[in-house]
Amino acid sequence: MKILLLEDELMLRSSIEEYLEALGHKVISFGNGEEAYEAIKKDLFDLLLLDINIPKMNGLSLLKALNEIEHAFPTIFISANVDIDDISTAFELGASDYLKKPFHLKELGLRIDKIKKEYEIKHLKHIILSSKYVFSKEEQMLFYNNNVQVLTKKQLQIVTLLCENMGVVVDFDKFRTYVWNDEPIDNPSIRAEISRLRKLLKEDFIINLKGVGYKIDKYFPEKNH
């Protein structure tokens, strides 16, 4: 997993970083919240480890700011703070776990493993299309940052067809059959409908192969790591 660590205590930060990298994780660490916030806006992480009492922007403020710009990541708070209001706030903001200092590094590793397994189980039933878009095979719904993307019936059928043929070019005849039930619709009309869909999406994961058709490539987040 690619993990962002926000911890201003240098010795603890180094210990956590060394331990997690020995387990095979990639750790990028910061000592203040503003630097961490800027890094998260530009990069993709699998997990955030956040202390609360941090200079410039504390862990709670950081997670709140990420929620406001719709950047959602599994998050574990690591803090000596036992104030129930802060703990409640952390979970209200979407934290996955809360680990009180001091803690054993092995316990942190176990909690990260738990989140990793939950993530893997969840995505067996979902198709990851981009950094924020996921298609639910069971529900036949498109989600952006865990929120349902509102689509017309035809737009959803287009996404479904492309997801059922991940990595494969879907030609116009397949769109005609699946989406338009073999109605006599021409290729420019199909292109226009797909163009409207692509303009609606906040991330464009649909690839246009001119004169041939469209496809969605399999998404490998490690390429962005």
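The name an unreviewed UniProt entry gives the chain is Two-component regulator, with Sulfurospirillum diekertiae as the organism.

Within the chain, the secondary structure is distributed over eight helices and 12 strands. Dimensions of the chain, computed from C-alpha atoms along their principal axes, come out at roughly 70 × 35 × 30 Å. Here the chain holds 225 residues, and 45% of them are scored as buried. If you sum the accessible surface of the chain, you get close to 12,000 Å²; carbon and sulfur atoms cover 52% of it. Looking at charge distribution, the chain has the averaged site of its 31 positive side-chain charges lying 6 Å from that of its 36 negative ones.

Ranked by internal contacts, the top residues of the largest apolar core, which has 27 residues, are L129, L142, F175 and I206. The leading source of residues in this core is helix α6 (residues 153–163), at five residues. Sequence-distant contacts of I206, that is, excluding residues within four places in its chain, are made with L162, I194, L197, R198, L201, Y214, K215 and I216. Among the nonpolar cores identified, the runner-up in size contains 26 residues, and F45, F77, I87 and L93 belong to it.

A word on the sheet that holds strand β12 (residues 213–215). On the basis of which strands lie adjacent, the open sheet formed by three strands has the order β10-β12-β11 and antiparallel pairing. Where the open sheet ends on each side, the last strands, each with one partner, are β10 (170–171) and β11 (207–209). Where β11 meets β12, three bridges bridge the pair, whose relative direction is antiparallel. Of the residues in β12, the one forming a bridge with N208 is Y214.

Next up on the list: the pattern of salt bridges. Side chains that differ in charge, positive against negative, can pair when their charged atoms come close. Tallying each qualifying case throughout the model produces nine salt bridges. One salt bridge in this structure joins D51 and K101, with 2.8 Å as the shortest N-O distance. Taken together, the residues D51 in the loop between β3 (47–50) and α3 (59–68) and K101 in the loop between β5 (97–100) and α5 (105–124) connect sequence positions 50 residues apart. Its relative accessible area of 4% is what places D51 among the buried residues. A salt bridge links R176 to D173, with the nearest nitrogen and oxygen atoms 2.9 Å apart. Here R176 pairs with D173, and both are found in helix α7 (residues 172–178), just three residues apart, close to one helical turn. In this structure R176 comes out as buried when scored by relative accessible area, which is 17%.

Glancing now at the packing of helix α2 (residues 33–42) against α3. Between α2 and α3, the least distance of the axes is 10 Å, while the angle of their chain directions is 25 degrees. The orientation of α2 with respect to α3, classified from their angle, is roughly parallel. Viewed along their axes, α2 and α3 form a crossing whose handedness is right-handed. Residue-level inspection shows G33, A36, Y37 and I40 of α2 in contact with α3, the latter providing L62, A65 and L66.

Bringing the packing of aromatic side chains into the picture now. Counting across every chain of the model gives five aromatic pairs. Ring plane angle 80 degrees and centroid distance 6.1 Å describe the contact between F175 and Y214, whose orientation is recorded as edge-to-face. Highlighted residues: F175 in helix α7 and Y214 in strand β12, separated in sequence by 39 residues. Residue Y214 is classed as buried on the basis of its relative accessible area, which comes to 3%. Each residue in the set Y133, Y144 and F205 is aromatic and connected to the rest through ring pairs, giving one cluster. Across the ring face of F45, the terminal group of K2 is positioned such that the distance to the ring centre comes to 5.2 Å.

How each quantity is defined
Residues numbered from 1 in each chain as written. Predicted model: local features only at pLDDT ≥ 70, side-chain atom pairs only at ≥ 80, totals over all residues. Heavy atoms only, no water. Helix = DSSP H or I, 4+ residues; strand = E, 2+ residues; numbered from the N terminus. Buried < 20%, exposed > 50% of the residue type's maximum accessible area, 1.4 Å probe, protein only. Areas by Shrake-Rupley, 256 points an atom, 1.4 Å probe, with all protein chains shown as cover. Lys, Arg positive; Asp, Glu negative; His and termini not counted. Charge placed at Lys NZ, Arg CZ, Asp CG, Glu CD. Core = buried A, V, L, I, M, F, W, Y, C linked by side-chain atoms within 4.5 Å. Contact = heavy atoms within 4.5 Å. Pairing = 2+ DSSP bridges. Salt bridge = Lys/Arg side-chain N within 4 Å of Asp/Glu carboxyl O. Axes fitted to C-alpha atoms, helices over the stretch in contact; angles between N-to-C directions. Parallel < 35°, antiparallel > 145°, perpendicular 65-115°, else oblique. Left-handed = near helix turned anticlockwise from the far one by under 90°. Phe/Tyr/Trp six-rings, centres within 6.5 Å; stacked < 30°, edge-to-face > 60°. Lys NZ or Arg CZ within 6 Å of the ring centre and 35° of its normal.

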